[in-house]
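Chain by chain, the residues run as shown.
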Amino acid sequence: MDKLSDRVKRLGYSQTFVMSNKAREMKASGIDVISLTLGEPDFDVPDNIKQAAFDAINQNYSHYSPVPGFLELREAIAYKLKRDNHLEYKPTQICVSNGAKQAIINVLAAIINDGDEVLLPAPYWVSYDEMVKMMGGTSVMLPTSYVTDFKVTAEQLEEAITEKTKAVLFSSPCNPSGGYYTYDELKSIAKVIAKYPQITIISDEIYEFINYETKTTSIAQFPEVYEQTAVINGMSKAFAMTGWRIGYSACPEWLAKACEKVQGQMTSGANTVAQRASITALQTDPSEYRYMIDAFKKRRDLVYDLIQEIPGFKVLLPKAAFYFFPDISYYIGKTLNGTEIKNSDDFAMFLLENAHVGCVGGFSFGSPECIRFSYAASEEDLKEAMRRIKKLLEQFS
């Protein structure tokens, strides 16, 4: 008897964790593997945030919080959204969750019925498609490429809208491409979506602080779609708080209440100590944490110079986040050391097994011709990883 639900059988495993686990297993067996798989800052949590957590423990914040989070934290989030994004949200429009991933799932659970369509500009974060499946929806992929800077146009988006379209889900800055939509690009997209009031925009802005050019724009800044937009963010990337599991959504009041309703039946409030520490993080001037962004930029520039020397790679200079997403279509269809490369997942495994460098294939990102490297690693590891890949691939160029 098959005891698993159809819903679970539809889901795939996160390719990011599949590759990181494989790299970990090889390393445990004594192989010198450099893993550039996970999207996790390699910095420690800043001292003032850690001290706030210690203070919360000593003040006995050990009981349940309200489902949408402590009022003081939601006020701090509202303050941050106004300070950094010029967005006006009341605490009642904010729901604090166990990471940004849960914030997205809350929104999808609140709006998606079986068979509803969700537009996913590709490349997209690996979990988006699986989250849509989990809620009974259908993902509609909007392909982009290296040539288009991995971004969709407003015209492309409108062509994909049907009577079944219920949401558009994207990240800007983007994991995995490292690009982001400009003010004018988002303005054009907002004009399109405003014509379809049944569509909710789910704007994942978790990488907003890790950018190397101008400040990014939130699509919620455009009044015509403010009431259609759920802004997703969290503490993991900007503050190196990945394990603290604090994310949040900022939505129209009707949707915020629905997210609270969903979360109340799933996990209730997020970790109370992490919530209290997050208040301190959000109230601190962002310049205090700029040293992490400066270090990422230095690494980005280092890897960009080295990766251009690797034969067969076509790569853009990332403007944000901490990933490279090179197009490796040159190698697709080839046989390398007896390994047939049918797509970028095969190529990623080939690099892991032959160069002992871990990365993630682009198939689960919706871009089967690309691979993703995280440069949230030491400069020494990044230099050695690029050296190994170059040495391996020079045999086949």
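Conventions we followed
Within each chain, residues carry numbers counting from 1 in the order of the written sequence. Only residues with pLDDT of at least 70 get local features here, since the model is predicted, and only at 80 or more are side-chain atom pairs given and counted; chain-wide, interface and lining totals rely on the full set of residues. Excluding hydrogens and water, the side-chain figures rest on all heavy atoms present in the structure. Note: two strands are recorded as paired if DSSP finds a minimum of 2 bridges between them. For the purposes of this entry, the term helix denotes a DSSP run of H or I that reaches at least four residues, the term strand denotes a run of E that reaches at least two, and both are numbered from the N terminus. Helix axes are fitted to C-alpha atoms over the stretch in contact, other axes to C-alpha atoms as well, and angles between N-to-C directions run from 0 to 180 degrees. Contacts are assigned to residue pairs that have any heavy atoms within 4.5 Å of one another. Here, nonpolar core refers to any group of buried Ala, Val, Leu, Ile, Met, Phe, Trp, Tyr and Cys residues whose side-chain atoms link them within 4.5 Å. Burial classes follow relative accessibility: with a 1.4 Å probe on protein chains only, a residue under 20% of its type's maximum area counts as buried, one over 50% as exposed, and anything between as partly exposed. Just so you know, the domain bounds were taken from an automatic or database domain assignment. Once two parts are joined, some of their accessible surface, as seen by a 1.4 Å probe, is lost; buried area is that loss totalled over both. Here, a salt bridge means any Lys or Arg side-chain nitrogen found within 4 Å of an Asp or Glu carboxyl oxygen. Counting of polar contacts relies on pairs of N or O atoms within 3.5 Å, with two restrictions inside protein: one atom must be capable of donating a hydrogen and the other of accepting it, and residues adjacent in sequence are counted only when both atoms are side-chain atoms.

### Quick word on the sheet that holds strand E5 (residues 165–171)
Read from one edge to the other, the open sheet built from 7 strands follows the order E2-E8-E7-E6-E5-E3-E4, with strand pairing classed as mixed. Of all strands in the sheet, those with a lone pairing partner are strand E2 (94–97) and strand E4 (138–142), marking the two edges. Each strand axis lies, on average, 20 degrees off the axis of its neighbour in the sheet, ignoring direction. Examined bridge by bridge, strand E7 (residues 229–234) and strand E8 (residues 247–250) share 4 bridges and lie antiparallel to one another. Paired with isoleucine 232 across the two strands is serine 249, which belongs to E8. Where helix H6 (residues 127–134) meets the sheet, it contacts strand E3 (117–121), E4, E5 and strand E6 (200–204), and its direction lies at approximately 150 degrees from that of E4.

### Concerning the nonpolar core
Grouped together as the largest cluster of nonpolar side chains are 71 residues, with contacts concentrated most on Phe313, Phe347, Leu351, Phe373 and Leu393. Tallying contributions element by element places helix H5 (residues 100–111) first for this core, with 7 residues. Split by domain, this core shows at least three residues from each of two domains, domain 1 (6–44 + 289–394) and domain 2 (48–287). Contacts of leucine 351, omitting those with residues within four sequence positions, involve His356, Val357, Cys359, Ile371, Phe373, Ile389, Leu392 and Leu393.

### Quick notes on the domain arrangement of the protein
Domain boundaries assigned for the protein yield domain 1 (6–44 + 289–394) and domain 2 (48–287). In this complex, domain 1 contributes 37 residues to the contact, which on the side of domain 2 involves 39 residues. If you sort the residues of domain 1 by the area they bury against domain 2, Tyr289, Leu316 and Lys319 come out on top, with a joint share of 24%. Where domain 1 meets domain 2, there are 0 salt bridges. Where domain 1 meets domain 2, there are 18 residue pairs in polar contact (both at pLDDT 80 or more). When residues of the side of domain 1 that touches domain 2 are traced back to their parent elements, those giving at least two are helix H1 (6–10) and helix H11 (290–307). Examining the composition of the side of domain 1 that touches domain 2, we find that 6 residues originate from one element, H11, more than from any other.

### Thoughts on unusual backbone geometry
Cis peptide bonds are those with omega within 30 degrees of zero, and the linkage from alanine 122 to proline 123 qualifies with 10 degrees. For proline 123, the position within the fold is in the loop between E3 and H6. A cis amide bond links serine 172 with the next residue in sequence, proline 173, at an omega value of 0 degrees. For proline 173, the position within the fold is in the loop between E5 and helix H8 (183–193). Of note, histidine 86 is a non-glycine position whose phi angle comes to about 60 degrees, a positive value. Secondary-structure assignment places histidine 86 in the loop between helix H4 (71–85) and E2.

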